[in-house]
Amino acid sequence: YSGQERLNDLYEFRFDHNTWSMVSAEAPPSGRSSLVAEVYGNSLFVFGGYNGTIVLNDFYEFRFEPVTIPPSSLVDDMMKLMNN
């Protein structure tokens, strides 16, 4: 939601480049707010929402390419800070 209109853009975060980029979808859902979304496995599921006029009751699935998320370095980083 841009403050004036409901958007239907979708972005992905690339851990290997530490960047966000827009994802093009063949048939994206209409712009909406107040939706429910859940990532499960390699998919993003989107249900319903509000398009500014009506409450939506539709369902979409976006399938992702499998990715490997790098392990967290938080504990190691904290230990380094405490030891310096």
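Use the structure listed above.
Note that this is a predicted model, so its numbers are computed, not measured.

Turning our attention to the packing of aromatic side chains. Enumeration over the complete set of coordinates arrives at three aromatic pairs. Pairing Phe-45 with Phe-59 gives two aromatic rings, centres 5.8 Å apart and planes at 25°, and the pair type is stacked. Of this pair, Phe-45 sits in strand β4 (residues 43-50) while Phe-59 sits in strand β5 (residues 55-63), and the two are 14 residues apart along the sequence. For Phe-59, a relative accessible area of 54% translates into the label exposed. A connected cluster of aromatic rings, assembled from ring pairs, spans Phe-13, Phe-15 and Trp-20.

Where strand β1 (residues 11-14) and strand β2 (residues 19-22) come together, four bridges link them in antiparallel fashion. Along β2, the bridge assignment pairs Arg-14 with Thr-19. In textbook terms, the turn of a hairpin is the stretch between consecutive antiparallel strands, and for β1 and β2 this stretch comprises four residues, one of which, Asn-18, has a positive phi near 60°.

Before going further, it helps to spend a moment on the side chain of Arg-32. Here Arg-32 shows up in the loop between β2 and β3 (36-40). By relative accessible area, Arg-32 is classed as buried at 5%. At 3.0 Å, the side chain of Arg-32 forms a polar contact with the backbone oxygen of Ser-30. The residues touching Arg-32, leaving out its near neighbours within four places in the chain, are Arg-6, Leu-7, Val-46, Gly-48, Tyr-50, Leu-56, Asp-58 and Tyr-60.

What follows deals with the environment of Phe-62. Looking at where Phe-62 falls in the secondary structure, it is placed in strand β5. Phe-62 sits in the buried class, given a relative accessible area of 17%. Sequence separation between Phe-62 and Asn-42 is 20 residues, and the spatial gap between their C-alpha atoms is 8.5 Å. If we skip the residues at most four places from it in the chain, Phe-62 touches Leu-10, Ala-25, Pro-29, Asn-42, Ser-43, Leu-44 and Val-46.

About the cut-offs
Residues numbered from 1 in each chain as written. Predicted model: local features only at pLDDT ≥ 70, side-chain atom pairs only at ≥ 80, totals over all residues. Heavy atoms only, no water. Phe/Tyr/Trp six-rings, centres within 6.5 Å; stacked < 30°, edge-to-face > 60°. Helix = DSSP H or I, 4+ residues; strand = E, 2+ residues; numbered from the N terminus. Buried < 20%, exposed > 50% of the residue type's maximum accessible area, 1.4 Å probe, protein only. Pairing = 2+ DSSP bridges. Polar contact = N/O pair within 3.5 Å; in protein donor to acceptor, adjacent residues only side chain to side chain. Contact = heavy atoms within 4.5 Å.

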